[in-house]
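Descriptive structure summary
Residues per chain, in single letters:
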Amino acid sequence: MTTTPPADTVPTAAALALGDDALVLSHRLGEWAGHAPVLEEEVALANIALDLLGQARVLLSMAGDEDELAFLREERAFRNLQLVEQPGGDFAHTIARQLYFSVYQHLLYDRLASGDGPFAPLAGKAVKEAAYHRDHAEQWTLRLGDGTDESHTRMQRAVDALWRFTGEMFQPVEGIDGIDWPGLESAWREAVEYVLGRATLTVPDGPRSGAWRAGAGRQGLHTEPFGRMLAEMQHLHRSHPGATW
């Protein structure tokens, strides 16, 4: 596991933001256990979820006790993007969510890994994982978008439905310095539009954030599904406080 930098050198707000992204998406992917469309995807989604969980543990430990931060915070204290908390829906929705987020994370971690900030060691390892997550999402987007009429329709529906949550990813994160956020957004959009084009999917023309959504997750404002997900994720820990395994 990546060595955690001294606590006094870590920007806590940024560690929470990135850590919460990884933690929440890991849980969402874990919900596919026993429900994936094919056995190979059961393994693939579980591996991606474990990669993200590993990232979350390192990042949250930079900000405090990882278990307390994961299982004892209230909803408004979480700083994850609203995109990652969206339910998986059908398999197309899970893939669209993965495409949008994994391209963003791969680009961001590539930039962080090339710097000398406190997140560089983690990013140097995680960027390799993010590259795999991105490739997995891109390949499935192509298969579903350029597949049957049914798979194409479902993939287009998912791409359209989640588009409005993507603008928040490029709001500057407090404590992450040296990132050209407009440049990151431009690179993300170019990459996503290229994949959607190859998949015979139409790039959504709606807004990528609403008036209240821009940066809302980072401010602790979350969508309705998040509360239900959090209750499920925290139930065991809260039911048996102080328990050890």
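All values reported here derive from a predicted model rather than from experimental measurement. (Residues numbered from 1 in each chain as written. Predicted model: local features only at pLDDT ≥ 70, side-chain atom pairs only at ≥ 80, totals over all residues. Heavy atoms only, no water.)

1. Section: the pattern of salt bridges
Per the counting criterion, the structure on display carries 10 salt bridges. Between aspartate 21 and arginine 218 there is a salt bridge, with the nearest N and O atoms lying 2.9 Å from each other. Of the two residues, aspartate 21 is situated in helix 1 (residues 12–30) and arginine 218 in the loop between helix 7 (181–198) and helix 8 (224–239); the sequence distance between them amounts to 197 residues. This pair shows no difference in class: aspartate 21 is buried, exactly as arginine 218 is. Across the pair arginine 134 and glutamate 138 runs a salt bridge, and its minimum N-O distance is 2.9 Å. (Salt bridge = Lys/Arg side-chain N within 4 Å of Asp/Glu carboxyl O. Helix = DSSP H or I, 4+ residues; strand = E, 2+ residues; numbered from the N terminus. Buried < 20%, exposed > 50% of the residue type's maximum accessible area, 1.4 Å probe, protein only.)

2. Description of unusual backbone geometry
Phi at threonine 200 takes a positive value of approximately 60 degrees, unusual for a residue other than glycine. For threonine 200, the position within the fold is in the loop between helix 7 and helix 8.

3. Some thoughts on the packing of aromatic side chains
Overall, the coordinates contain 8 aromatic pairs when judged by the stated rule. Geometrically, the ring pair formed by phenylalanine 78 and phenylalanine 226 is edge-to-face, given 5.7 Å between the ring centres and 70 degrees between the ring planes. Of this pair, phenylalanine 78 sits in the loop between helix 3 (66–71) and helix 4 (91–113) while phenylalanine 226 sits in helix 8, and the two are 148 residues apart along the sequence. Residue phenylalanine 78 is classed as buried on the basis of its relative accessible area, which comes to 0%. What makes phenylalanine 226 buried here is its relative accessible area of 0%. Measuring from ring centre to ring centre gives 5.8 Å for tyrosine 104 and phenylalanine 170, while their planes differ by 85 degrees; the resulting arrangement is edge-to-face. One end of the pair, tyrosine 104, is in helix 4; the other, phenylalanine 170, is in the loop between helix 6 (149–162) and helix 7, and 66 residues separate them in sequence. (Phe/Tyr/Trp six-rings, centres within 6.5 Å; stacked < 30°, edge-to-face > 60°.)

4. Comments concerning the nonpolar core
Within the largest apolar cluster, 72 residues are counted, with the highest numbers of intra-cluster contacts made by Tyr104, Leu108, Tyr109, Leu112, Ile176 and Trp188. Elements supplying a minimum of two residues to this core: helix 1, helix 2 (39–63), helix 3, helix 4, helix 5 (120–145), helix 6, helix 7 and helix 8. The biggest single contributor to this core is helix 4, with 13 residues. Setting aside anything within four residues of it in sequence, one finds leucine 108 in contact with Leu18, Ile179, Trp181 and Leu184. (Core = buried A, V, L, I, M, F, W, Y, C linked by side-chain atoms within 4.5 Å. Contact = heavy atoms within 4.5 Å.)

5. As for helix 7
Residues spaced three or four apart along an α-helix point in a common direction, a consequence of the helix completing one turn every 3.6 residues. Look at helix 7: 26 Å from first C-alpha to last across 18 residues, which is about the 26 Å you get at 1.5 Å a residue. Among the residues making up helix 7, those that are buried are Trp181, Leu184, Trp188, Ala191, Val192, Val195 and Leu196. The buried side chains of helix 7 occupy one side of the element, clustering within an arc of 130 degrees when seen end-on. Facing away from the buried surface of helix 7 by more than 90 degrees, the exposed residues are Pro182, Glu190 and Tyr194. Where helix 7 is buried, its residues meet helix 4, helix 5 and helix 6. In this structure aspartate 180 caps helix 7, since a side-chain oxygen of it lies 3.1 Å from the backbone nitrogen of glycine 183. Directly beyond the C-terminal end of helix 7, a positive phi value near 60 degrees is found at threonine 200. (Expected span 1.5 Å × (residues − 1). Arc of directions from axis to C-beta. Polar contact = N/O pair within 3.5 Å; in protein donor to acceptor, adjacent residues only side chain to side chain.)

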